[in-house]
Amino acid sequence: MSETTTAKKTTRKPDPMARVFNDVRAAVKNLGEYPAKPGTDERRRQHDGRASAWGKEYGRQGTFEALLLSYAFESLAAYEHEQREALVQLAAIALAQVEKLDGAK
């Protein structure tokens, strides 16, 4: 009797962060155009005050919304040469929350 063998297929779960990044890339394609004007000093001060207030709220409550809003306003208060780092931190917070939500499923 002759036996035929087939190669076993590996069933690896896809990397959750790879899935998130693919979703983000798809969302970026749907953003469309928007103006990105540099902020005025007065506007930066307003955003900085809001960032500080939400940062204090996060210190008191430790909620996701306070952390997210704190970094969102921080990114708006930043000067252009600082904005990239602030936006990366904001994105990290958002991606970490998405990862938690995906893990809850």
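What counts and what doesn't
Residues numbered from 1 in each chain as written. Predicted model: local features only at pLDDT ≥ 70, side-chain atom pairs only at ≥ 80, totals over all residues. Heavy atoms only, no water. Helix = DSSP H or I, 4+ residues; strand = E, 2+ residues; numbered from the N terminus. Buried < 20%, exposed > 50% of the residue type's maximum accessible area, 1.4 Å probe, protein only. Areas by Shrake-Rupley, 256 points an atom, 1.4 Å probe, with all protein chains shown as cover. 1 Å grid on protein atoms, 1.4 Å probe; cavity = no way out; pocket = protein on both sides within 12 Å on 5 of 7 lines; lining within 4 Å. Points joined across faces, edges and corners; volume = space filled by probe spheres on them. Nonpolar A, V, L, I, M, F, W, Y, C, P; charged D, E, K, R; others polar. Contact = heavy atoms within 4.5 Å. Axes fitted to C-alpha atoms, helices over the stretch in contact; angles between N-to-C directions. Parallel < 35°, antiparallel > 145°, perpendicular 65-115°, else oblique. Left-handed = near helix turned anticlockwise from the far one by under 90°. Salt bridge = Lys/Arg side-chain N within 4 Å of Asp/Glu carboxyl O.

Q: Which parts of the structure should I look at to understand the overall build of the chain?
A: A tally of regular secondary structure across the chain gives four helices and zero strands. Listing every helix and strand of the chain by position from the N terminus yields α-α-α-α. Counting across all 105 residues of the chain, residues that qualify as buried make up 14%. A total of about 9,000 Å² of accessible surface is found on the chain, and carbon and sulfur atoms cover 55% of it.

Q: In this structure, what is going on with the layout of surface pockets? I would like to understand it.
A: By volume, the largest pocket is sized at about 350 Å³. Along the walls of the largest pocket sit 14 residues, with Ala36, Lys37, Pro38, Gly39 and Gln83 positioned nearest its centre. Looking at the lining of the largest pocket, the element that brings in the most residues is helix H2 (residues 41-61), giving three residues. Taken together, the residues of the lining of the largest pocket break down into seven nonpolar, three polar and four charged.

Q: Explain the side chain of His47 here, please?
A: By secondary structure assignment, the location of His47 is in helix H2. Residues contacting His47, with those up to four places away along its chain left out, are Phe73, Leu76 and Ala77.

Q: Looking at this model, I keep getting lost on the packing of helix H3 (residues 64-77) against helix H4 (residues 80-103). Mind explaining?
A: Running from N to C, H3 and H4 cross one another at 160 degrees; their axes reach a closest spacing of 8 Å. As summarised for this structure, H3 and H4 are arranged roughly antiparallel, according to the angle between their axes. Along this stretch, H3 crosses H4, giving a crossing that reads as left-handed. Residue-level contacts link Phe64, Leu67, Leu68, Tyr71, Ala72, Glu74 and Ser75 of H3 to Gln83, Ala86, Leu87, Gln89, Leu90, Ile93 and Gln97 of H4. Its residues assigned to classes, the contact of H3 with H4 comprises nine nonpolar, four polar and one charged.

Q: I would appreciate a short explanation of the environment of Gln89 in the present structure.
A: Position of Gln89 relative to the elements: it lies in helix H4. Owing to a relative accessible area of 32%, Gln89 belongs among the partly exposed residues under this scheme. Residues Gln89 and Glu74, spaced 15 residues apart in sequence, show a C-alpha to C-alpha distance of 9.8 Å.

Q: Hey, could you run me through the environment of Ser70 in this one?
A: Of note, Ser70 is situated in helix H3. A relative accessible area of 12% means that Ser70 is categorised as buried. Setting aside anything within four residues of it in sequence, one finds Ser70 in contact with Ala51, Trp54 and Gly55.

Q: Got a minute to help me understand the pattern of salt bridges in this structure?
A: Side chains bearing opposite charge may pair, as long as their charged atoms lie close to each other. Taken as a whole and judged by the stated rule, the model has four salt bridges. Residue Asp102 pairs with Arg19 through a salt bridge whose shortest N-O separation is 3.5 Å. A residue pair is termed long-range when its members are at least 10 positions apart, and Asp102 in helix H4 and Arg19 in helix H1 (residues 16-29) qualify at 83 residues. Residue Arg44 is joined to Asp41 by a salt bridge in which the shortest nitrogen-to-oxygen separation is 3.6 Å. Of this pair, Arg44 and Asp41 both sit in helix H2, three residues apart, which is roughly one turn of the helix. Judged by its relative accessible area of 11%, Arg44 falls in the buried class. Residue Asp41 is classed as partly exposed on the basis of its relative accessible area of 42%.

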